[in-house]
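Observations on the model geometry
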Amino acid sequence: MLLESVRVLDLAGAEADAVTRLLADLGADVLKVEPPGGSPARRQRPALAGASIGFALHNANKRSIVLDPADDADRSRLVDLAGAADIVVDSGRPGRAADYGTSCAALADRFGQLVTMSVTDFGMTGPRAAWRATDAVLYGLSGALSRSGPATGVPVLPPDGIASATAAVQAVWAVLVAYHHRLRCGSGDYIDFARFDAVAMVLDPVFGAQGQVAAARRGPTRWRGRPRNQDAYPIYPCRDGYVRLCVMAPRQWRGLRRWLGEPPAFQDDKYDVIGERFAVWPQLSVLIGELFARHTRAELVTAGQAHGVPIAEVLAPAQALRGEHFAAAGAVAEVDLTPQVRATAPLGYYVVDGVRAGFRTPAPAAGDAGSWRSDPAAAPAVSAAVDARPFEGLRIVDLGVIVAGGEATRLFADLGAEVIKVESADYPDGLRQARPGAAMSESFAWTHRNSLGFGLDLRSAAGRAVFERLVGAADAVFANFKPGVLAALGFPYEALHDVNPRLVLAESSAFGAVGPWSHRMGYGPLVRASTGVTALWTAPETDRAGGRHPFYDATTVFPDHVVARVTAIGALAALIHSRRTGAGSHVQVSQAEAAVNQLDTRYVAAAAGAAVEDDTALHLLCPCAGDDEWCVVSVRDDDDWRCVAALFGRPELVDDARFATGAARCAHRAAVGAVLAEFTGTRPPGRVAELLQVAGVPAAPMNRPPDIAEDPQLVHRKVFAAMTHPLIEHPLPAETGPAPFRTIAPAACRPAPLPGQDTRAICRGVLAMDADETERLIADGVLFAHESGG
């Protein structure tokens, strides 16, 4: 397996168990340290037959050792284990290591080769370092909440679980970056990782591809409204549920028109333009609604595919998990959560060289292991200076498009890799679509900074020959085409491996390479609908606008940015493996599988049904003083409710039968909300959050895009810095790196290239072509170069 030589000491609690699970999936020896009696996370709900579903899922493939913090020998034993590890992951403030008399920072100081990471909600420093977070709080502060729900009225919380899973993926990326850097320079690192930073950067980033930079710019007229385009990917009722359409290209529109029986009112060619269709969509919706109401979801999907219309069923999580696609793809199976409890569960993010890299062994019994699985790997020869960027010397050929493809390689380019963006003159990356009069889109500027632009026609024999030479000089190729496209161009993985046996091919696609959905059109809204995410992204019954369907996921780009990180992690693990063994690997990621694994606990609970002991935490949206101002308040348990009662000066709330237990509060959710609203309604949201946080209750204002750049915690931690591009009139805030490192510099910030901007330089410096050959290939249309560069 890719990380089989890596030792990970896991001190984490529930908030970071998923971090080390992902490392274990890729083959790392993860040794979980638990106190006598086992980790408290073993008792967290939701639970099945007394077993915590979250703990069982997020600790699969690990082993456990029990060490008593009160025992001096065990305290010394922990330090010895850390000294023999490659990576230590801790979580919480001050962290579990503190129970044993140490910390991640102290362990990194003591063992110079060690990479350590402390995972906390807001980081170890800054004005909000002591704040507490739930997923709902992270949605509120990151701006995701303000872009979810109707344009007016109560916002809609994204599904619980996505924020934590997103942060876990970013944490894995950060710790593997530091580990790869250590392999090159010999020096470890300490990473002060904040879940809030990660969610602000990765989930639905204000400053990133498809972000809302215009809304976030400083100025007196900054718009603070909420999105009005919640039906850009319309959902229609049918005989047995709902379906979603995602009609983008002219050929897709013509297919829909044929399906509707060629209505005379819509024959004008102007309706090939998406904006013209949107203008008349209310009239079109009447025809679509009448047609769809007569058919089932399955019938509509079959008919839509026959007409070339992108369409998907809106499935519930349990339906998706138990459906034929995931079973055929080997992405879901019945597994042992514990020796006594079986459940249907997603198996993990990756397929590596055709084999699922995921759930292999159940979560361990407390204390099932005594030490590391094998001897440590030999230390590699130092090949770079400590101040070198982690990926200097790596060359990546980038065939990726739109968000998930481009972001994966940008992560490498930011940290020193030479990324060669291959584009066709006839089919440029869709992210290049810019506003009228603009030379470059903000999305492309963010996603392809630090890259080189190479113009190449892969459809010609001569172009394929050039690409083969490029592959021979590369360390990795990244692509996110529909399955079969790369092979149709003459470059299946086997062919690429023949050219370069050390090559890593990292591919992502909407539904994966196998299974009945694998060749479906893979727009993100359709992925969310068919995997059950859309069904979870709903307004409570009491908050729904009359007559409208309940779904509110149209403005998110989830899971694109997450999939980019998942792909980058798999690729980096494969590059680490290649460095150790000299062998290449083929890493495949499915967006649909990524979405399901992000919500694994909820999906397993949904599939298990009534047997599940539910979590009784409440996450409430409360109105605050001001125009359309809201705050999130999380009442996790009885302790939180006692703190609320004390803050409000209403001790009688503790003994009120409606609120005395978690189950009672859930049953009287509206009454709990009314009590909170009496307090929040007269105060600004920021003040509400401060008062509740000081009292120990997780809470947050609903930040808007303009608030993110000025958020005091993000400013303190220098999460964003100004990025300039000569073709964009204003600086763009851009992330400075995956997390704060001690030894790794912030991301570089070279401007994104124009199409073919670096073609001639790449021909000369990478492919060793002389000028005559380069110019002949440009004249023949095999290559293209930007006229003022290349």
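This text gives an overview of the structure that appears in the document. (Residues numbered from 1 in each chain as written. Predicted model: local features only at pLDDT ≥ 70, side-chain atom pairs only at ≥ 80, totals over all residues. Heavy atoms only, no water.)

Some details on the pairing of strand 23 (residues 618-623)
A regular strand places its side chains so that they alternate between the two faces of the sheet. Counted residue by residue, strand 23 has five buried out of six residues, so it is predominantly covered. Inspection of the sheet shows strand 23 paired to strand 24 (residues 630-635) by six bridges, in the antiparallel sense. By the bridge assignment for strand 24, L621 is matched with V632. The hairpin formed by strand 23 and strand 24 contains six residues between the paired strands, and G626 there has a positive phi angle of roughly 115 degrees. (Buried < 20%, exposed > 50% of the residue type's maximum accessible area, 1.4 Å probe, protein only. Helix = DSSP H or I, 4+ residues; strand = E, 2+ residues; numbered from the N terminus. Pairing = 2+ DSSP bridges.)

Here we look at the nonpolar core
Of all hydrophobic cores here, the largest spans 160 residues; its most connected members are Y350 and F412. In terms of residues, this core owes the most to one element, helix 6 (residues 162-185), which gives 15 residues. Among all residues touching F412, those that are not within four sequence positions of it are W173, F391, L394, I396, A417, F478, A568, A571, L572 and L575. In terms of nonpolar packing, the next biggest core, distinct from the first, is built from 30 residues, V397, V422, L470 and V477 among them. (Core = buried A, V, L, I, M, F, W, Y, C linked by side-chain atoms within 4.5 Å. Contact = heavy atoms within 4.5 Å.)

A short note on the sheet that holds strand 24
Pairing is antiparallel across the open sheet formed by three strands, whose spatial order is 23-24-25. Sheet topology places strand 23 and strand 25 (699-701) at the edges, where each strand pairs with a single neighbour. Within the sheet, the average angular offset between the axes of one strand and its neighbour, ignoring direction, is 20 degrees. When strand 24 meets strand 25, the two strands line up antiparallel, connected through three bridges. Pairing of C631 across the sheet is with P701, part of strand 25. (Axes fitted to C-alpha atoms, helices over the stretch in contact; angles between N-to-C directions.)

Observations regarding the sheet that holds strand 21 (residues 585-590)
Strands sit in the order 15-14-21-20-19-16-17-18-28 across an open sheet of nine strands; the sheet is mixed. Every other strand in the sheet has two partners, leaving strand 15 (355-357) and strand 28 (783-784) as the edge strands with one partner each. Here helix 15 (residues 402-414) sits on the sheet in contact with strand 16 (395-398), strand 17 (418-423), strand 18 (451-456) and strand 19 (476-479), set at roughly 165 degrees to strand 16.

With respect to helix 29 (residues 685-694)
If you check which residues of helix 29 are buried, you get P685, V688, A689, L692 and Q693. Viewed along the axis of helix 29, the buried residues span an arc of 125 degrees, placing them on a single side of the element. Those residues of helix 29 that are buried lie in contact with strand 24, helix 25 (638-648), helix 28 (669-680) and strand 25. In the segment just after helix 29, G696 is the residue with positive phi, at about 95 degrees. (Arc of directions from axis to C-beta.)

As for the pattern of salt bridges
A side chain of one charge can pair with a side chain of the opposite charge when the charged atoms of the two come close. According to the stated counting rule, one finds 49 salt bridges in the structure shown. The partner of D10 in a salt bridge is K62, and the shortest N-O contact between them spans 3.0 Å. Note that D10 is positioned in strand 1 (residues 7-10) and K62 in the loop between helix 2 (53-58) and strand 5 (63-66), a separation of 52 residues in sequence. Each of the two residues, D10 as well as K62, counts as buried. Among the salt bridges present, the one from R760 reaches E775, with a minimum N-O distance of 2.7 Å. Here E775 lies in helix 33 (residues 771-779) and R760 lies in helix 32 (residues 759-765), a separation of 15 residues in the sequence. Among the charged side chains, a salt-bridge network with shared partners connects E407, R410, D414, R449, R565 and E735. (Salt bridge = Lys/Arg side-chain N within 4 Å of Asp/Glu carboxyl O.)

Some points on the packing of aromatic side chains
On inspection of all chains with the given rule, the structure shows 18 aromatic pairs. Centre to centre, the rings of F412 and F478 are 5.5 Å apart; their planes meet at 85 degrees, and the pair counts as edge-to-face. With F412 in helix 15 and F478 in strand 19, this pair connects stretches of sequence that are 66 residues apart. Using a relative accessible area of 2% as the deciding quantity, one classes F478 as buried. (Phe/Tyr/Trp six-rings, centres within 6.5 Å; stacked < 30°, edge-to-face > 60°.)

Remarks on unusual backbone geometry
As a rule of thumb, non-glycine residues mostly have phi less than zero, and peptide bonds are mostly trans rather than cis. A cis geometry characterises the amide bond from R45 onward to P46, with omega recorded as 5 degrees. Residue position: P46 is located in the loop between strand 2 (29-34) and strand 3 (47-48). Here the amide bond leading from F558 into P559 is cis, since omega sits at 10 degrees, within 30 degrees of zero. Relative to the helices and strands, P559 is located in the loop between helix 21 (533-536) and helix 22 (560-581). You will see that K718, though not glycine, has its phi angle at about 55 degrees, which is positive. With respect to the helices, strands and loops of the structure, K718 is situated in the loop between helix 31 (712-716) and strand 26 (720-723).

Some details on the environment of G149
Mapped onto the secondary structure, G149 falls in the loop between helix 5 (135-142) and helix 6. For the pair G149 and R502, spaced 353 residues apart in sequence, the C-alpha to C-alpha distance is 48 Å. With residues up to four places along the chain from it excluded, the contact list for G149 reads V156, P227, Q230 and Y552.

Quick look at the side chain of T601
Its location among the elements puts T601 in helix 24 (residues 600-608). Assessed through its relative accessible area of 15%, T601 is described here as buried. Excluding residues within four positions of it along the chain, T601 makes contact with P46, I53, G54, L57 and H58.

The quantities given are spatial measurements derived from coordinates; they are silent on function.
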